[in-house]
Amino acid sequence: MSRIVILGAGLGGVLMAYELKEKVGPKDEVIVVNKGATYTFVPSNPWVAVGWRAASEISVDLTKVFSGRGIGLRPEGARRLHAHESRLELNDGSFLDYDHLVIATGPDLAFDEVPGLGPEGHTHSVCQTDHAAQAKLAFDALVKTPGPVVIGAAAGASCFGPAYEFAFILDAALRKARTRDRVPMTFVSPEPYVGHLGLDGVGDTKGLLESALREHHIKWITNARIAKVEAGRMAVEEVNEDGSLKTAHDLPFAFSMVLPAFRGVPAVAGIEGLTNPRGFILIDEHQRNPAFPNIFAVGVCVAIPPVGKTPLPVGVPKTGFMIESMVTATAENIVAIMAGKAPHARASWNAVCLADFGDSGIAFVAQPQIPPRNVNWSAQGAWVHAAKVGFERYFLHKIRQGVSETFYENAALSLLGIKKLKNLN
């Protein structure tokens with residue numbers, strides 16, 4: 001009997017538990033360690049922030065689902081990983097030994113790296129559902145008392161899609177409230193150009209997003225470093241290609257949502273051989289840590305080098321389908337190791353993304369996500385919004401049913417030539 005522990009119950013962690021439980025033997029244990037017993041569909045957080053969704057609508061209590069699938073759940077959360085001992089120290093002081101560990105924690109949100117940033121400062125966030133619910137209160141106040149808005153991301157951020165999404169969703173919500181004409185909007189980003197997305201663009205995301213920002217009367221500042229945030233004011237430094245100061249901007253705001261930089265969570269940060277200096281997990285081509293071969297990692301916690309040199313730090317996003325491909329490869333490799341074989345599966349890291357604009361949107365497919373690519377495609381239209389609504393319902397249904405993938409999902413992806421694992425022939 002083997003015990004496999006999964007640290008984190010986000011997108012990667014929950015799907016990891018479902019896939020492993022299907023593949024391992026009936027006597028093998030699959031246990032998920034998470035702070036709390038709730039899964040939330042993070043891509044819907046921008047809708048929560050403008051009142052288009054309630055937090056309860058995008059949340060799933062994992063207790064009953066896991067129990068029905070024979071998956072253990074430790075909702076105490078982890079205090080510290082003791083990798084040399086193959087043990088997890090939990091927040092209640094107890095310890096959990098493992099034969100194999102999959103780290104799927106997601107990120108620690110580095111609001112503290114910019115003075116005044118974050119829900120405890122002067123800006124809002126859609127990184128967590130409770131943050132989005134808090135932003136909804138500020139949105140209601142903005143509708144009643146319109147004023148300038150600043151949306152964007154801090155230097156070192158690695159997930160730019162939600163920032164663009166929220167800017168356009170907020171625009172749509174304000175238009176619906178008939179107050180958009182009294183709300184000047186500015187988008188700030190460390191990206192070297194609009195639509196870079198941490199990926200050096202996908203298809204014509206630069207042209208599509210620039211056009212959309214103009215059409216929706218949203219000004220933008222790229223190569224932008226947020227120096228500090230005070231109540232109602234944001235100091236932004238626009239830099240040149242060499243990183244030197246080009247222009248200082250003093251932006252007033254009545255409402256602001258800024259995505260922070262990410263780093264590894266404290267439970268794993270600083271373990272030599274396991275993490276890079278930012279606390280992200282080092283992995284090989286099989287999702288396996290080189291220093292601790294019984295540790296794997298999937299999702300946002302994985303260390304990926306930046307795509308090219310940029311004047312300001314710009315991280316690489318880990319998108320939904322890319323994470324799902326990591327999950328499938330990791331499950332295959334753990335099962336192989338348990339059978340006495342060498343790991344063989346490699347995640348495709350393909351990306352399929354739907355960026356919602358409230359009544360329209362942009363979709364892109366990148367195969368693989370990191371360039372150079374075999375497929376590099378993007379498109380725009382009202383169908384993207386409808387597709388994202390449909391995907392939200394499908395994915396939450398999948399989580400509630402306790403399945404990682406369905407026959408119809410596999411058939412559709414196969415028809416489009418989108419695969420989770422690399423063909424190693």
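Just above, that's the structure.
Calculation criteria
Residues numbered from 1 in each chain as written. Predicted model: local features only at pLDDT ≥ 70, side-chain atom pairs only at ≥ 80, totals over all residues. Heavy atoms only, no water. Pairing = 2+ DSSP bridges. Helix = DSSP H or I, 4+ residues; strand = E, 2+ residues; numbered from the N terminus. Axes fitted to C-alpha atoms, helices over the stretch in contact; angles between N-to-C directions. Contact = heavy atoms within 4.5 Å. Salt bridge = Lys/Arg side-chain N within 4 Å of Asp/Glu carboxyl O. Buried < 20%, exposed > 50% of the residue type's maximum accessible area, 1.4 Å probe, protein only.

(A) Quick look at the sheet that holds strand β9 (residues 100-103). Strand order across the open sheet formed by 5 strands is β5-β2-β1-β9-β19, with parallel pairing between neighbours. Strands with a single pairing partner mark the edges of an open sheet, and in this sheet they are β5 (72-74) and β19 (295-297). For this sheet, the mean inter-axis angle between neighbouring strands, taken without regard to orientation, is 20°. Bridging between strand β1 (residues 3-7) and strand β2 (residues 29-33) involves 5 bridges; their strand directions are parallel. Along β2, the bridge assignment pairs V5 with I31. Sitting on the sheet, helix α1 (residues 11-23) touches β1, β2 and β9, and the angle it makes with β1 is about 160°.

(B) Quick peek at the pattern of salt bridges. Applying the stated criterion across every chain yields a total of 26 salt bridges. Residue E89 pairs with R79 through a salt bridge whose shortest N-O separation is 3.2 Å. Here E89 is found in strand β7 (residues 87-90), whereas its partner R79 is found in strand β6 (residues 78-82), with 10 residues between them in sequence. Accessibility expressed as a relative area gives 14% for E89, which makes it buried. Residue R79 is classed as partly exposed on the basis of its relative accessible area of 40%. The shortest N-O distance in the salt bridge between E285 and R346 comes to 3.7 Å. With E285 in the loop between β18 (262-263) and β19 and R346 in the loop between α7 (320-338) and β20 (351-356), this pair connects stretches of sequence that are 61 residues apart. Classification of E285 as partly exposed rests on a relative accessible area of 46%.

(C) Local environment of the sheet that holds β20. Spatially, the 3 strands line up as an open sheet ordered β20-β21-β22, and their pairing is antiparallel. For this open sheet the edge positions go to β20 and β22 (375-380), each flanked by a neighbour on one side alone. Neighbour-to-neighbour, the strand axes of this sheet turn through a mean angle of 10°, independent of strand direction. On the sheet, helix α6 (residues 205-215) packs against β21 (361-367) and β22 and is oriented at approximately 15° with respect to β22.

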